[in-house]
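Here is how the chains run, residue by residue.
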Amino acid sequence: VAGWVAESGKSELVKDAYQHPKFDPAYDRKTGYRTRSMICVPIIASDQMIGVSQVINKSDGGVFTDEDLELLEAFATQAAIAIQNARMHEALLQQQRLEQDLQFATTIQESFLPQSPPDIPGYSFASAYRSAQQVGGDFFDYVEFPDNRIGILVGDVSGKGVPAALFMARLMSDFRAVA
């Protein structure tokens, strides 16, 4: 019955489960439990089926009524809102974690870039860096050699974002080691 409610999106009030064409008594036979009456209602959020709420056997032994059905439908509406809010909250937390990770990646990436240009008499250096995304693969560096020569490296890793930034970090590390 719950599967049919999920498929149809319509509530179902079952006064006698054994008389309902969608009820399968196999579980009752297996466990010795006796399902008498039930209510199944869809849980729908933003026009999308997200679950089914099912109540079996009224505690007083009676049969579920239309009023019971209305009460469970109201509960399902509130449950759908709560579930949707929880999912949105989780998505927001995930987005915040991602933004923190990207900010951390930006900080690491910027640490690979020179903090100030070299100070060599007769020469003036200036640089600016702005990534197209939060992190990227563009890079530059200065290397001062012991014989008063300077090496200048400017590059752009193909691609954008975190993969390019990781490759840039690796390349900068290798460049400095070799230089």
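Please read all numbers here as calculations on a predicted model, not as lab measurements. (Residues numbered from 1 in each chain as written. Predicted model: local features only at pLDDT ≥ 70, side-chain atom pairs only at ≥ 80, totals over all residues. Heavy atoms only, no water.)

## Here's the deal with the pairing of strand 3 (residues 48-56)
Side-chain positions along a regular strand alternate between the two faces of the sheet.
Here's step 1: Pairing of strand 2 (residues 38-45) with strand 3 involves eight bridges; the strand directions are antiparallel. Each residue of the ladder has a partner; that of Ile 44, found in strand 3, is Met 49.
Here's step 2: Where strand 2 folds back on strand 3, the antiparallel hairpin that results is connected by two residues, among which Ser 46 adopts a positive phi of roughly 50°. (Pairing = 2+ DSSP bridges. Helix = DSSP H or I, 4+ residues; strand = E, 2+ residues; numbered from the N terminus.)

## A word on the nonpolar core
Here's step 1: In this structure, Phe 112, Phe 139, Val 157, Met 168 and Met 172 are the most contacted members of the largest nonpolar core, which totals 13 residues.
Here's step 2: Of all the secondary structure elements, the ones that give two or more residues to this core are strand 4 (138-144) and helix 4 (161-178).
Here's step 3: Grouped together as the second largest cluster of nonpolar side chains are 10 residues, Ile 39, Ala 45, Phe 64 and Ala 76 included. (Core = buried A, V, L, I, M, F, W, Y, C linked by side-chain atoms within 4.5 Å. Buried < 20%, exposed > 50% of the residue type's maximum accessible area, 1.4 Å probe, protein only.)

## Some details on helix 4
Here's step 1: The first and last C-alpha atoms of helix 4 sit 26 Å apart over 18 residues, in line with the 26 Å expected at 1.5 Å per residue.
Here's step 2: Looking at helix 4, one finds that the buried residues are Gly 161, Ala 164, Ala 165, Met 168, Ala 169 and Met 172. Each buried residue of helix 4 lies within a common arc of 145° when the element is viewed along its axis, so the set occupies one face. Structural note: helix 4 exposes Pro 163, Leu 166, Arg 170, Ala 177 and Val 178 on the side pointing more than 90 degrees away from its buried face.
Here's step 3: Elements that come into contact with the buried residues of helix 4 comprise helix 3 (66-112), strand 4 and strand 5 (150-156). (Expected span 1.5 Å × (residues − 1). Arc of directions from axis to C-beta. Contact = heavy atoms within 4.5 Å.)

## Side note on helix 3
Here's step 1: Taking 1.5 Å as the rise per residue, helix 3 with 47 residues should run 69 Å; its terminal C-alpha atoms sit 69 Å apart, in good agreement.
Here's step 2: All buried positions along helix 3 are accounted for by Asp 68, Leu 69, Leu 72, Ala 76, Ala 79, Ala 80, Thr 106, Gln 109 and Phe 112.
Here's step 3: In this structure, the buried side of helix 3 is in contact with strand 1 (12-14), strand 2, strand 3, strand 4 and helix 4.

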